[in-house]
Amino acid sequence: MKKIRIAVAFVAGAVLVGGALLLLVRTPQAAEPDLGAPLPVPATSLPIEVDRERHELVLEYGAVDLPAGASHTEVQQIGPLVGTIPFDGWLRGYRVEVVDAAGNPVPQVVLHHINIIGTDRRELFSEIMQRVGAAGHETAPVKLPRLFGVPIHEGERLLVTAMLHNPTSESYEGVRVRTRMLYTPRDTWLRPISVFPFYLDVMPPASKHAYDLPPGRSEKSWEGRPAVSGRILGVGGHLHKYAVALRFEDVTAGKLLWEAAPEVDEDGNVIGMPTRLFLGRFGIPLRTDHVYRLTAIYDNPTGDTLPDAAMGALGGIIAPSRDTEWPGVDRRHPDYLLDWELLRDTSYEDMGGTGGHHHHH
(Lines give C-alpha, C1' and ligand atoms only; values in the text may rest on other atoms or scores of the structure.)
Protein backbone atom coordinates (compact mmCIF):
# COMPACT_ATOMS: atom_id res chain seq x y z
CA MET A 1 0.00 0.00 0.00
CA LYS A 2 2.79 2.38 0.96
CA LYS A 3 4.49 1.85 -2.39
CA ILE A 4 1.27 2.60 -4.26
CA ARG A 5 0.72 5.78 -2.24
CA ILE A 6 4.23 7.02 -3.08
CA ALA A 7 3.58 6.32 -6.75
CA VAL A 8 0.31 8.23 -6.47
CA ALA A 9 2.15 11.22 -5.04
CA PHE A 10 4.48 11.19 -8.02
CA VAL A 11 1.88 10.57 -10.68
CA ALA A 12 -0.15 13.42 -9.28
CA GLY A 13 2.79 15.51 -10.34
CA ALA A 14 3.40 16.55 -6.82
CA VAL A 15 5.48 15.95 -3.79
CA LEU A 16 4.24 17.45 -0.57
CA VAL A 17 7.12 19.24 1.03
CA GLY A 18 6.46 20.64 4.47
CA GLY A 19 2.86 20.78 3.39
CA ALA A 20 3.89 22.53 0.17
CA LEU A 21 2.95 21.09 -3.15
CA LEU A 22 6.08 20.71 -5.18
CA LEU A 23 5.91 19.78 -8.76
CA LEU A 24 7.81 17.16 -10.50
CA VAL A 25 8.74 16.13 -13.91
CA ARG A 26 9.67 17.37 -17.31
CA THR A 27 8.60 18.09 -20.86
CA PRO A 28 8.81 16.55 -24.33
CA GLN A 29 10.63 17.58 -27.44
CA ALA A 30 9.15 20.70 -28.89
CA ALA A 31 9.67 23.07 -31.73
CA GLU A 32 11.97 25.50 -29.95
CA PRO A 33 11.24 29.09 -30.95
CA ASP A 34 14.60 30.70 -31.48
CA LEU A 35 13.73 34.28 -30.69
CA GLY A 36 17.28 35.55 -30.72
CA ALA A 37 17.29 36.11 -26.98
CA PRO A 38 19.90 34.11 -25.07
CA LEU A 39 19.19 32.83 -21.56
CA PRO A 40 19.68 35.53 -18.93
CA VAL A 41 22.26 33.32 -17.16
CA PRO A 42 25.22 31.35 -18.57
CA ALA A 43 24.15 27.92 -19.82
CA THR A 44 27.10 25.95 -18.48
CA SER A 45 27.34 26.89 -14.82
CA LEU A 46 25.49 23.82 -13.45
CA PRO A 47 27.46 20.58 -13.76
CA ILE A 48 25.28 17.65 -14.88
CA GLU A 49 27.02 14.26 -14.68
CA VAL A 50 25.68 10.86 -15.76
CA ASP A 51 25.88 7.91 -13.35
CA ARG A 52 25.29 5.07 -15.82
CA GLU A 53 25.48 2.32 -13.20
CA ARG A 54 22.59 3.78 -11.23
CA HIS A 55 20.81 5.33 -14.22
CA GLU A 56 20.90 8.77 -12.61
CA LEU A 57 21.53 12.29 -13.87
CA VAL A 58 23.47 14.07 -11.13
CA LEU A 59 22.92 17.84 -10.80
CA GLU A 60 25.52 19.49 -8.57
CA TYR A 61 24.51 22.86 -7.07
CA GLY A 62 27.01 24.88 -5.00
CA ALA A 63 29.25 25.57 -3.28
CA VAL A 64 27.89 27.59 -0.35
CA ASP A 65 29.46 28.28 3.07
CA LEU A 66 27.09 27.88 6.01
CA PRO A 67 28.16 29.50 9.29
CA ALA A 68 26.56 27.97 12.40
CA GLY A 69 23.10 29.36 13.12
CA ALA A 70 22.91 31.39 9.89
CA SER A 71 19.43 32.31 8.62
CA HIS A 72 18.81 32.30 4.86
CA THR A 73 19.36 36.08 4.74
CA GLU A 74 22.79 35.67 6.39
CA VAL A 75 23.97 33.07 3.87
CA GLN A 76 25.55 34.18 0.58
CA GLN A 77 22.98 32.54 -1.75
CA ILE A 78 24.15 31.84 -5.31
CA GLY A 79 20.89 32.09 -7.24
CA PRO A 80 19.97 30.18 -10.41
CA LEU A 81 22.46 27.95 -12.28
CA VAL A 82 21.76 26.36 -15.66
CA GLY A 83 23.11 23.09 -17.08
CA THR A 84 22.59 21.13 -20.29
CA ILE A 85 21.04 17.65 -20.51
CA PRO A 86 23.57 15.31 -22.20
CA PHE A 87 21.27 12.71 -23.82
CA ASP A 88 17.73 11.62 -24.70
CA GLY A 89 15.55 9.56 -22.35
CA TRP A 90 12.87 9.83 -19.68
CA LEU A 91 13.03 11.08 -16.10
CA ARG A 92 11.34 8.89 -13.51
CA GLY A 93 12.06 10.46 -10.13
CA TYR A 94 14.69 12.07 -7.94
CA ARG A 95 16.34 12.26 -4.55
CA VAL A 96 18.42 15.00 -2.94
CA GLU A 97 21.71 14.77 -1.00
CA VAL A 98 23.65 17.52 0.80
CA VAL A 99 27.45 17.25 1.19
CA ASP A 100 30.34 19.48 2.30
CA ALA A 101 33.58 20.34 0.45
CA ALA A 102 35.10 16.97 1.44
CA GLY A 103 32.05 15.05 0.27
CA ASN A 104 30.83 14.25 3.79
CA PRO A 105 27.05 14.27 4.37
CA VAL A 106 25.62 17.49 5.88
CA PRO A 107 22.31 17.43 7.83
CA GLN A 108 19.49 17.78 5.28
CA VAL A 109 17.84 20.43 7.48
CA VAL A 110 20.18 23.05 5.90
CA LEU A 111 18.15 22.79 2.69
CA HIS A 112 15.38 25.40 2.87
CA HIS A 113 14.22 24.44 -0.63
CA ILE A 114 15.47 23.56 -4.10
CA ASN A 115 13.69 24.08 -7.43
CA ILE A 116 14.36 22.42 -10.79
CA ILE A 117 12.97 24.22 -13.83
CA GLY A 118 13.05 23.46 -17.57
CA THR A 119 14.13 26.72 -19.21
CA ASP A 120 13.18 25.79 -22.78
CA ARG A 121 9.55 24.78 -22.23
CA ARG A 122 6.58 26.83 -21.09
CA GLU A 123 4.04 25.87 -18.45
CA LEU A 124 0.73 24.38 -19.60
CA PHE A 125 -1.41 27.35 -18.53
CA SER A 126 1.08 30.24 -18.72
CA GLU A 127 4.24 31.55 -20.36
CA ILE A 128 6.49 30.97 -17.35
CA MET A 129 9.20 28.26 -17.55
CA GLN A 130 8.17 24.70 -16.80
CA ARG A 131 8.41 23.52 -13.20
CA VAL A 132 10.18 20.16 -13.19
CA GLY A 133 10.80 19.32 -9.54
CA ALA A 134 11.29 20.71 -6.08
CA ALA A 135 12.25 19.56 -2.62
CA GLY A 136 12.55 20.70 0.97
CA HIS A 137 14.67 19.09 3.68
CA GLU A 138 11.98 16.54 4.48
CA THR A 139 11.25 15.37 0.92
CA ALA A 140 11.53 11.61 0.58
CA PRO A 141 12.93 10.12 -2.64
CA VAL A 142 10.26 10.02 -5.34
CA LYS A 143 9.77 7.49 -8.10
CA LEU A 144 7.33 7.13 -11.00
CA PRO A 145 6.01 3.68 -11.91
CA ARG A 146 8.05 2.08 -14.73
CA LEU A 147 5.12 2.66 -17.10
CA PHE A 148 5.49 6.48 -17.10
CA GLY A 149 8.33 8.86 -17.84
CA VAL A 150 8.97 12.50 -18.57
CA PRO A 151 10.89 12.85 -21.84
CA ILE A 152 14.18 14.72 -21.88
CA HIS A 153 16.33 15.58 -24.88
CA GLU A 154 19.99 16.30 -25.42
CA GLY A 155 20.65 20.04 -25.39
CA GLU A 156 17.60 20.93 -23.29
CA ARG A 157 18.51 22.95 -20.21
CA LEU A 158 17.67 22.59 -16.57
CA LEU A 159 17.81 25.47 -14.11
CA VAL A 160 18.43 24.76 -10.45
CA THR A 161 17.99 27.31 -7.71
CA ALA A 162 18.15 26.63 -3.99
CA MET A 163 17.98 28.45 -0.69
CA LEU A 164 20.19 27.26 2.16
CA HIS A 165 20.29 28.16 5.84
CA ASN A 166 21.90 26.59 8.91
CA PRO A 167 19.73 26.06 11.98
CA THR A 168 22.46 23.81 13.49
CA SER A 169 25.25 24.79 15.87
CA GLU A 170 27.99 23.56 13.52
CA SER A 171 29.53 25.40 10.57
CA TYR A 172 29.82 23.74 7.14
CA GLU A 173 32.04 24.82 4.23
CA GLY A 174 31.66 24.30 0.52
CA VAL A 175 28.19 22.82 0.85
CA ARG A 176 26.70 21.34 -2.34
CA VAL A 177 23.19 20.10 -3.01
CA ARG A 178 23.16 17.04 -5.27
CA THR A 179 19.96 16.11 -7.05
CA ARG A 180 20.02 12.55 -8.41
CA MET A 181 17.37 12.13 -11.12
CA LEU A 182 16.46 8.58 -12.09
CA TYR A 183 16.25 8.11 -15.86
CA THR A 184 15.27 5.49 -18.41
CA PRO A 185 17.63 5.55 -21.42
CA ARG A 186 16.36 6.20 -24.94
CA ASP A 187 17.22 2.68 -26.16
CA THR A 188 15.11 0.91 -23.54
CA TRP A 189 13.11 -2.12 -24.78
CA LEU A 190 9.87 -0.90 -23.18
CA ARG A 191 9.33 2.78 -23.84
CA PRO A 192 7.43 4.57 -21.05
CA ILE A 193 4.24 6.52 -21.72
CA SER A 194 5.32 10.17 -21.95
CA VAL A 195 3.72 12.37 -19.32
CA PHE A 196 4.34 15.99 -18.36
CA PRO A 197 3.82 18.11 -15.29
CA PHE A 198 1.64 21.16 -15.11
CA TYR A 199 1.23 23.81 -12.47
CA LEU A 200 -1.58 26.26 -11.80
CA ASP A 201 -1.87 28.99 -9.18
CA VAL A 202 -4.67 31.28 -7.99
CA MET A 203 -2.20 34.18 -8.33
CA PRO A 204 -1.25 35.48 -11.80
CA PRO A 205 1.70 33.73 -13.54
CA ALA A 206 5.16 35.05 -12.66
CA SER A 207 4.11 36.71 -9.45
CA LYS A 208 4.48 36.12 -5.77
CA HIS A 209 2.43 33.06 -4.82
CA ALA A 210 1.48 34.10 -1.30
CA TYR A 211 -1.27 36.69 -0.83
CA ASP A 212 -2.90 38.57 2.06
CA LEU A 213 -5.75 36.70 3.72
CA PRO A 214 -8.74 38.90 4.65
CA PRO A 215 -10.87 38.09 7.73
CA GLY A 216 -13.82 35.74 7.28
CA ARG A 217 -14.63 33.67 4.22
CA SER A 218 -12.82 34.57 0.99
CA GLU A 219 -12.20 33.16 -2.46
CA LYS A 220 -9.38 33.86 -4.89
CA SER A 221 -9.26 32.43 -8.39
CA TRP A 222 -7.35 32.54 -11.67
CA GLU A 223 -8.44 31.20 -15.03
CA GLY A 224 -6.77 30.37 -18.32
CA ARG A 225 -6.60 28.07 -21.34
CA PRO A 226 -4.09 25.22 -21.71
CA ALA A 227 -1.48 25.40 -24.48
CA VAL A 228 -2.04 21.75 -25.45
CA SER A 229 -4.92 19.29 -25.23
CA GLY A 230 -4.55 15.98 -23.44
CA ARG A 231 -5.76 13.90 -20.53
CA ILE A 232 -5.09 14.73 -16.88
CA LEU A 233 -3.90 11.58 -15.11
CA GLY A 234 -3.62 12.97 -11.61
CA VAL A 235 -3.71 16.13 -9.50
CA GLY A 236 -2.63 17.33 -6.07
CA GLY A 237 -2.87 20.67 -4.31
CA HIS A 238 -1.28 23.07 -1.87
CA LEU A 239 -3.05 25.35 0.62
CA HIS A 240 -2.13 27.18 3.84
CA LYS A 241 -3.70 27.49 7.28
CA TYR A 242 -7.46 28.34 7.44
CA ALA A 243 -8.04 26.94 3.94
CA VAL A 244 -11.43 25.35 3.33
CA ALA A 245 -10.99 23.93 -0.19
CA LEU A 246 -9.21 24.03 -3.53
CA ARG A 247 -11.48 23.80 -6.57
CA PHE A 248 -10.57 23.09 -10.22
CA GLU A 249 -13.30 23.52 -12.84
CA ASP A 250 -13.94 23.59 -16.57
CA VAL A 251 -15.67 26.98 -16.91
CA THR A 252 -16.63 26.41 -20.56
CA ALA A 253 -18.41 23.12 -19.80
CA GLY A 254 -19.70 24.30 -16.41
CA LYS A 255 -18.13 21.22 -14.82
CA LEU A 256 -16.35 20.65 -11.52
CA LEU A 257 -13.26 18.51 -12.24
CA TRP A 258 -11.76 18.21 -8.76
CA GLU A 259 -12.31 19.70 -5.33
CA ALA A 260 -10.35 18.88 -2.20
CA ALA A 261 -10.34 19.94 1.43
CA PRO A 262 -6.99 20.01 3.25
CA GLU A 263 -6.14 17.65 6.11
CA VAL A 264 -5.61 19.82 9.18
CA ASP A 265 -4.40 19.35 12.76
CA GLU A 266 -6.28 20.59 15.83
CA ASP A 267 -4.78 24.10 15.43
CA GLY A 268 -5.96 24.41 11.83
CA ASN A 269 -2.50 23.90 10.29
CA VAL A 270 -2.54 22.12 6.94
CA ILE A 271 -0.76 18.77 7.35
CA GLY A 272 -1.66 17.25 3.99
CA MET A 273 -3.63 17.53 0.78
CA PRO A 274 -5.35 14.66 -0.99
CA THR A 275 -4.08 13.62 -4.41
CA ARG A 276 -6.40 12.09 -6.97
CA LEU A 277 -5.67 9.74 -9.85
CA PHE A 278 -7.96 9.54 -12.88
CA LEU A 279 -6.47 6.38 -14.37
CA GLY A 280 -9.79 4.51 -14.52
CA ARG A 281 -10.87 6.06 -17.84
CA PHE A 282 -7.29 7.04 -18.67
CA GLY A 283 -7.64 10.54 -17.39
CA ILE A 284 -10.02 13.43 -17.78
CA PRO A 285 -9.88 15.44 -21.01
CA LEU A 286 -8.33 18.91 -21.11
CA ARG A 287 -9.04 21.02 -24.20
CA THR A 288 -7.29 24.07 -25.61
CA ASP A 289 -10.65 25.67 -26.52
CA HIS A 290 -11.92 25.51 -22.92
CA VAL A 291 -11.25 27.92 -20.06
CA TYR A 292 -10.31 26.40 -16.69
CA ARG A 293 -10.48 28.02 -13.27
CA LEU A 294 -8.63 27.31 -10.03
CA THR A 295 -10.15 28.69 -6.81
CA ALA A 296 -8.80 28.73 -3.26
CA ILE A 297 -11.41 29.11 -0.52
CA TYR A 298 -10.41 30.27 2.98
CA ASP A 299 -12.16 31.06 6.24
CA ASN A 300 -9.98 33.22 8.49
CA PRO A 301 -11.42 33.34 12.05
CA THR A 302 -8.84 35.77 13.50
CA GLY A 303 -10.66 39.00 12.61
CA ASP A 304 -7.42 40.35 11.09
CA THR A 305 -5.96 40.51 7.61
CA LEU A 306 -2.97 38.14 7.67
CA PRO A 307 -0.14 39.35 5.37
CA ASP A 308 1.12 36.79 2.81
CA ALA A 309 -0.68 34.03 4.69
CA ALA A 310 -2.68 32.41 1.89
CA MET A 311 -1.76 30.32 -1.11
CA GLY A 312 -3.55 28.12 -3.62
CA ALA A 313 -1.75 25.90 -6.13
CA LEU A 314 -2.50 22.78 -8.11
CA GLY A 315 -0.02 20.41 -9.66
CA GLY A 316 -0.84 17.62 -12.04
CA ILE A 317 0.32 15.27 -14.72
CA ILE A 318 -0.99 15.29 -18.25
CA ALA A 319 -0.58 12.90 -21.17
CA PRO A 320 -0.80 15.18 -24.23
CA SER A 321 -2.93 14.24 -27.23
CA ARG A 322 -1.21 12.16 -29.90
CA ASP A 323 1.34 13.95 -32.11
CA THR A 324 1.12 17.06 -29.92
CA GLU A 325 4.35 19.01 -29.50
CA TRP A 326 4.83 20.75 -26.19
CA PRO A 327 5.41 24.44 -26.88
CA GLY A 328 8.71 26.13 -26.14
CA VAL A 329 8.98 29.44 -24.32
CA ASP A 330 8.52 32.87 -25.86
CA ARG A 331 11.65 34.63 -24.60
CA ARG A 332 10.10 38.04 -25.18
CA HIS A 333 6.88 37.40 -23.24
CA PRO A 334 6.49 39.65 -20.15
CA ASP A 335 5.60 36.66 -17.93
CA TYR A 336 8.73 34.81 -19.05
CA LEU A 337 10.91 37.85 -18.34
CA LEU A 338 9.28 38.43 -14.96
CA ASP A 339 9.78 34.74 -14.10
CA TRP A 340 13.54 35.22 -14.60
CA GLU A 341 13.54 38.37 -12.50
CA LEU A 342 11.86 36.60 -9.58
CA LEU A 343 14.19 33.60 -9.86
CA ARG A 344 17.26 35.82 -9.77
CA ASP A 345 16.16 37.57 -6.59
CA THR A 346 17.90 35.37 -4.00
CA SER A 347 15.96 37.00 -1.16
CA TYR A 348 12.67 35.97 -2.75
CA GLU A 349 11.45 33.04 -0.68
CA ASP A 350 8.49 31.93 -2.64
CA MET A 351 9.79 30.56 -5.91
CA GLY A 352 7.60 28.64 -8.31
CA GLY A 353 5.12 27.12 -5.95
CA THR A 354 7.55 26.05 -3.28
CA GLY A 355 5.95 28.34 -0.74
CA GLY A 356 4.70 27.19 2.59
CA HIS A 357 7.88 28.45 4.17
CA HIS A 358 6.28 31.55 5.66
CA HIS A 359 5.49 30.57 9.20
CA HIS A 360 2.76 32.58 10.91
CA HIS A 361 2.49 32.44 14.65
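Residues numbered from 1 in each chain as written. Predicted model: local features only at pLDDT ≥ 70, side-chain atom pairs only at ≥ 80, totals over all residues. Heavy atoms only, no water.

A short note on the packing of aromatic side chains
Put simply, the test is: Only centres within 6.5 Å qualify two rings of Phe, Tyr or Trp (six-membered ring in Trp) as a pair; their planes then separate them into stacked at under 30 degrees, edge-to-face at over 60, and tilted for everything else. The numbering of helices and of strands both runs from the N terminus, where a helix is a DSSP run of H or I of at least 4 residues and a strand a run of E of at least 2. Exposure classes here rest on a 1.4 Å probe applied to the protein chains alone. A residue is buried below 20% of its type maximum, exposed above 50%, and partly exposed in between. Here, over-ring charges are defined by two tests on the NZ atom of lysine or the CZ atom of arginine: distance to the ring centre within 6 Å, and angle to the ring normal within 35 degrees.
Tallying each qualifying case throughout the model produces 7 aromatic pairs. For the pair F125 and F198, a centre-to-centre distance of 6.2 Å together with 55 degrees between the ring planes defines the contact as tilted. You can see F125 sitting in the loop between β7 (111–122) and β8 (129–135) and its partner F198 sitting in strand β14 (residues 196–201), a full 73 residues away along the chain. Between F125 and Y292, the aromatic rings sit 6.0 Å apart at their centres with planes inclined by 75 degrees, giving edge-to-face as the arrangement. Here the residue F125 occupies a position in the loop between β7 and β8, and Y292 occupies one in strand β24 (residues 292–300), the gap between them amounting to 167 residues. Given a relative accessible area of 5%, F125 falls into the buried group. Judged by its relative accessible area of 1%, Y292 falls in the buried class. Aromatic ring contacts, followed pair by pair, group F125, F198, F248 and Y292 into a single cluster. Residue placement shows K220 over the ring face of Y211; its charged tip is 5.1 Å from the ring centre.

Quick notes on the confidence of the model for the protein
The line we're drawing: In predicted models, pLDDT denotes the confidence assigned by the predictor to each residue on a 0 to 100 scale. Note on contacts: a residue pair qualifies if any of its non-hydrogen atoms lie within 4.5 Å across the two residues.
Looking at the protein, pLDDT values average 84 and 84% of them are 70 or higher. The low-confidence segment residues 350–361 (pLDDT under 50) makes 40 contacts with residues lying over four places distant or belonging to another chain.

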